[in-house]
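Residue strings, one per chain:
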Amino acid sequence: MIQTVQSADGTTIAYELAGSGPALILVGGALNNRHSAASLVPLLADAFTVVSYDRRGRGDSTNTPPYAVDREVEDLRALAAAADGPVHLYGHSSGGILSLEAAAAGIRVGKVAVYEPPYLTGGGDDWQTFVGKVRSLADSGRGSEAVEAFFRHAGAGFDPGMTRAPWWPALVSLAHTLPYDLTLSADGGVPADRFAGIAAPVLALHGGASASWAAASATAVAAAVQDGRKNVIDGQVHAVAPDAVAPVLLEFFR
């Protein structure tokens, strides 16, 4: 059953609940909606009330421009307020950055786990050119080209045949939110001064088969917070398998 909360700027944030126990909010990354972690939810629902939500501009949530990271943090604050007691956060990719920003902003969280937040991915002029290209394509309604550009730069692999796949239109429908995720990544550096205020335990994860930036990012995040630790999930890449990450999350959050 879809439920909603109102964010501070009036944006409606849609979410679903599964399971019972302490609240665990799943924060998705680029081109994700609340259904993207559907395979992970039942692996966690025996121990937690799992909250899957549509970030603003996605799925059944509304959107209120202009975008700002602070507005997405307020969305999480509204979700956390609807829960009973402190919430745990698990963020994947740019959702990991958003989770850390929420904790740094003082949202009452129990623990925070992040998987490969896209820091330290290279940056520089090449990064800024990429950001500008994706934003221009998305803002001009060329969603398919924006998604393709994102995939190519992110190293996710792109085959032109993907555009004929039945799931491609769903990705294109989220293309307008790609600039949001790129804004979260900023210049690719870990904001250590801001994250130094995070007192909640933080687990920074990366895949053993991922690009080198992922391990560097996890190391930097764990070092930036007050109670940070890093772990590697052997054999995994950025698209981590639910059955590989779930046991790690269960051990950490319990």
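Residues numbered from 1 in each chain as written. Predicted model: local features only at pLDDT ≥ 70, side-chain atom pairs only at ≥ 80, totals over all residues. Heavy atoms only, no water.

Caption draft 1: View of unusual backbone geometry. For the bond from P65 to P66, the omega torsion is 0 degrees, close enough to zero to count as cis. Structurally, P66 is set in the loop between β4 (49–53) and α2 (69–82). In this structure, L31 takes a positive phi of about 60 degrees despite not being glycine. Locating L31 in the fold gives a position in the loop between β3 (23–27) and α1 (41–44). We note that L120 has phi near 55 degrees; this positive angle belongs to a residue other than glycine. Following the sequence through the fold, L120 ends up in the loop between β6 (109–115) and α4 (124–139). (Helix = DSSP H or I, 4+ residues; strand = E, 2+ residues; numbered from the N terminus.)

Caption draft 2: Structural context of the packing of helix α3 (residues 94–104) against helix α7 (residues 178–185). One way to put it is that α3 packs onto α7 with a least axis distance of 9 Å and a crossing angle of 55 degrees. Judged by the inter-axis angle, α3 sits oblique to α7. Along this stretch, α3 crosses α7, giving a crossing that reads as left-handed. Counted together, S94, I97 and L98 of α3 and D181, L184 and S185 of α7 form the full contact between these two elements. (Axes fitted to C-alpha atoms, helices over the stretch in contact; angles between N-to-C directions. Parallel < 35°, antiparallel > 145°, perpendicular 65-115°, else oblique. Left-handed = near helix turned anticlockwise from the far one by under 90°. Contact = heavy atoms within 4.5 Å.)

Caption draft 3: The packing of aromatic side chains, seen in detail. The full count for this structure, using the stated rule, is nine aromatic pairs. Aromatic pair F151 and W168: ring centres 6.2 Å apart, planes at 90 degrees, arrangement edge-to-face. In this pair, F151 is assigned in helix α5 (residues 143–154) and W168 in helix α6 (residues 168–172), connecting sequence segments 17 residues apart. Each of the two residues, F151 as well as W168, counts as buried. Among the aromatic residues, ring-to-ring pairing joins F130, F150, F151, F158, W167 and W168 into one connected group. The positively charged end of K111 is found above the aromatic ring belonging to F252, 5.1 Å away from the centroid. (Phe/Tyr/Trp six-rings, centres within 6.5 Å; stacked < 30°, edge-to-face > 60°. Buried < 20%, exposed > 50% of the residue type's maximum accessible area, 1.4 Å probe, protein only. Lys NZ or Arg CZ within 6 Å of the ring centre and 35° of its normal.)

Caption draft 4: The pairing of β3, seen in detail. Of all five residues in β3, five are buried; the element is thus mostly enclosed. Note that β3 and β4 share four bridges and pair parallel. Its bridge partner being in β4, L26 is matched across the sheet by S52. Strand direction decides the pairing type here: β3 and strand β5 (residues 87–92), joined by four bridges, are parallel. Within β5, the residue paired with V27 across the bridge is G91. (Pairing = 2+ DSSP bridges.)

Caption draft 5: Spotlight on the packing of α2 against α3. Where α2 contacts α3, the two axes come as close as 9 Å, and the packing angle between them is 80 degrees. One finds that α2 runs roughly perpendicular with respect to α3. Residues V69, E72, V73 and L76 of α2 form the contact with α3, whose participating residues are L98, E101 and A102. Class assignment of the residues belonging to the contact of α2 with α3 gives a composition of five nonpolar, no polar and two charged. (Nonpolar A, V, L, I, M, F, W, Y, C, P; charged D, E, K, R; others polar.)

Caption draft 6: Quick peek at the sheet that holds strand β1 (residues 3–6). With respect to topology, eight strands assemble into an open sheet ordered β1-β2-β4-β3-β5-β6-β7-β8, the strand pairing being mixed. The open sheet has two edge strands, β1 and β8 (228–233), and neither has a second partner. For this sheet, the mean inter-axis angle between neighbouring strands, taken without regard to orientation, is 25 degrees. Judged from the four bridges that link them, β6 and strand β7 (residues 202–207) form a sheet pairing that is parallel. Across the sheet, the residue bridging to A113 is L203, located in β7. Strands β3, β5, β6, β7 and β8 of the sheet are contacted by helix α10 (residues 242–253), whose axis makes an angle of about 155 degrees with β6.

Don't take any of this as a statement about function, it's just geometry.
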